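A structural walkthrough
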Amino acid sequence: MSTKQPNILFIMSDDHAAQAISSYNKELVDTPNIDRIADEGMRFDNVYCTNSLCAPSRASILTGNYSHENGVRGLSEHFDGRQQTFPKLLQENGYETALVGKWHLGHGGNSDPTGFDYWNVFPDQGDYHNPVMMEMGEEKQVEGYATDRITDLSIDWLNNRNNEKPFMMMVHHKAPHRPWEPPEKYKTLFNDREFKVPTTFNDNYGDRANAAKVANMRIEDLKEEDVKGVPPTGLSKQEIKEWKFQRYIKDYLRCVVSIDDNVGLLLDYLDDNQLAQDTIVIYTSDQGFFLGEHGWYDKRFMYEESLQMPFVMRYPHEIKPGSVSTDMIINNDFAPTFLDYCHVQAKEKMQGESFRAIAKGETPDNWRDAVYYRYWEHLTIHNVTAHYGVRTDRYKLIYYYGEPLDVIGAVPKPMEPEWELFDLEKDPLELKNEYNNAAYTEVVNELKDRLVQLREQYNETV
Ligand SMILES: [Ca+2]
């Protein structure tokens, strides 16, 4: 084990589904540079977001805590930077720290980034082309394509950092978030390719909760600005849906290819500056995303495509090249893990746990066997019903409680509560709700008990 404090290079994109990384799935797109991190380190196959939405996931990553603890339950709830975060703890313990790219946790008051010696972020979502950025609070327009410029700015900072200190840098891409605008050079990439639709593309939500039926994130409803054009005349409803899917997936993947190129530039930088050995490199995304599965785009649901975060990590001192972990990890675990690697103690206990031992291939005996999930933002933009649930290695139980509670922005329209149970071994695509199947009564009761335990463990009272 290395006793030296390592550097951390944390690269996170926005809405990048694991399905669109070739280390996870060879069918869609080649991402040789992201794959290189996995090949030279570990690929984590069961990393889960605890609230599948941009701002809440970012707040959990910084604090190591669930949304109700860090105060960011939905997109309209701003982060209070006075609370404990891992960048602040590292900064207080000798690290030089930086953040470039998407912040999305509010501005002004106590919401601007804290714990960073340097920050340069988009106001809110940011733009793909010639974005305005806030450098330490000062607005400046940056010429060019966001993904490229974020990388340039990150490399500039690395070149000018204090070489006496270890560094922790967060590189947060805006891509491949809606409206999926690729760089000029990739605008025609995949033009001659027809992508296969996912197996569940024509899901009719027949054997599921009402929540799936009423969600407003269907491929056929993508707007003209999303697919950058109107379908040719004379197409059937199904043909229009398939036409929109091709437009959507191609732009999404063009954005992904550009991210992968830029990941490569950062890896080259580490090599060229003899930093690769002592730097922990992570590539992840703030949550998963539907790429036509269940006929959807977007996220929010506790279903697999949205719940899973891609996560690959390289650290030559401790992680065996080409290793794979299937242990259940949550985004709350990132902060305690980084502190563990850097030999820094949190002042207040975080809800996540360090998975440093897992990365070494030594899973602790008492490692978690269930994950708790909570989506709070009831019926906002995509009409997804508020829910919470538990996932074990085989089952997933979801409770759509259907209340806005006091979440800022949530819609004050209660929905009839309902449950879903999926047997992931028999039904990995999550098409059949087994909640009312008598054969699963015992399973349901056990999972309900587990849900109560987890809610108590994490101090969730509503
Ligand atoms: Ca996101």
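What you see is a predicted model, and the numbers here were worked out from it, not measured in a lab. (Residues numbered from 1 in each chain as written. Predicted model: local features only at pLDDT ≥ 70, side-chain atom pairs only at ≥ 80, totals over all residues. Heavy atoms only, no water.)

1. Some words on the domain arrangement of the chain
In terms of domains, the chain is made up of domain 1 (7-183 + 246-359) and domain 2 (371-457). Spacing between the C-alpha centres of domain 1 and domain 2 amounts to 27 Å. On the domain 2 side, the residues contacting the 27 residues of domain 1 number 31 residues. Summed over both partners, the interface of domain 1 with domain 2 buries about 2,500 Å², with 60% contributed by carbon and sulfur atoms. Counting across the interface, domain 1 meets domain 2 through four salt bridges. (Domains from an automatic or database assignment. Contact = heavy atoms within 4.5 Å. Buried area = accessible area lost by both parts, 1.4 Å probe. Salt bridge = Lys/Arg side-chain N within 4 Å of Asp/Glu carboxyl O.)

2. Structural notes on the pairing of strand β4 (residues 96-101)
Taken across its six residues, β4 has six buried, putting it largely inside the fold. Strand direction decides the pairing type here: β4 and strand β8 (residues 167-172), joined by six bridges, are parallel. Considered in β8, the bridge of Val-100 is made with Val-171. Where β4 lies against strand β5 (residues 118-121), four bridges are found, and the strand directions are parallel. Considered in β5, the bridge of Ala-98 is made with Tyr-118. (Buried < 20%, exposed > 50% of the residue type's maximum accessible area, 1.4 Å probe, protein only. Helix = DSSP H or I, 4+ residues; strand = E, 2+ residues; numbered from the N terminus. Pairing = 2+ DSSP bridges.)

3. A closer look at the packing of aromatic side chains
Tallied over the entire structure, the rule returns 36 aromatic pairs. On the basis of an interplanar angle of 15° and a centroid distance of 6.0 Å, the ring pair of Tyr-128 and Tyr-145 is categorised as stacked. One end of the pair, Tyr-128, is in the loop between β5 and β6 (132-135); the other, Tyr-145, is in the loop between β7 (138-141) and α5 (146-160), and 17 residues separate them in sequence. Grouping residues by exposure puts Tyr-128 and Tyr-145 together as buried. Here Trp-157 and Phe-167 contribute two aromatic rings whose centre-to-centre distance is 6.3 Å and whose plane-to-plane angle is 80°, an arrangement assigned as edge-to-face. Taken together, the positions of Trp-157 in helix α5 and Phe-167 in strand β8 put the pair ten residues apart, joining distant regions of the chain. By relative accessible area, which is 1% here, Phe-167 ends up buried. Seen from the ring of Tyr-24, Arg-43 lies directly overhead, with NZ or CZ sitting 5.5 Å from the centre. Sitting above the plane of the Trp-376 ring, Arg-374 keeps its charged end 3.5 Å from the centroid. (Phe/Tyr/Trp six-rings, centres within 6.5 Å; stacked < 30°, edge-to-face > 60°. Lys NZ or Arg CZ within 6 Å of the ring centre and 35° of its normal.)

4. As for the coordination of the calcium ion
Distances from the calcium ion to its protein donors, Asp-14 (OD), Asp-15 (OD), Cys-54 (SG), Asp-286 (OD), Asp-286 (OD) and Gln-287 (OE1), fall at 2.2 to 2.7 Å. Classification of the site at the calcium ion rests on its six donor atoms, whose angles at the metal span 52 to 165°, yielding the label irregular. (Donors = N, O, S within 2.8 Å, 3.2 Å for Na, K, Ca; no water. Tetrahedral: all angles 85-135°; square planar, octahedral: opposite > 155°, others 65-115°.)

5. Considerations on the pattern of salt bridges
For the coordinates displayed, the defined rule picks out 39 salt bridges. Notably, a salt bridge pairs Lys-187 with Glu-184, separated by 3.5 Å at the nearest N-O pair. Taking relative accessible area as the criterion, Glu-184 reaches 58% and is therefore assigned exposed. Among the ionic pairs, Arg-300 bridges to Asp-298, the shortest N-O distance being 3.0 Å.

6. With respect to the UniProt feature "domain: Sulfatase N-terminal" (unreviewed entry) in the chain
Look at the UniProt record and you will see "domain: Sulfatase N-terminal" (unreviewed entry) annotated at residues 6-341. End C-alpha to end C-alpha, residues 6-341 measures 7 Å, and it is 30% helix and 15% strand. (UniProt positions renumbered as here; feature names shortened; annotations may be inferred.)

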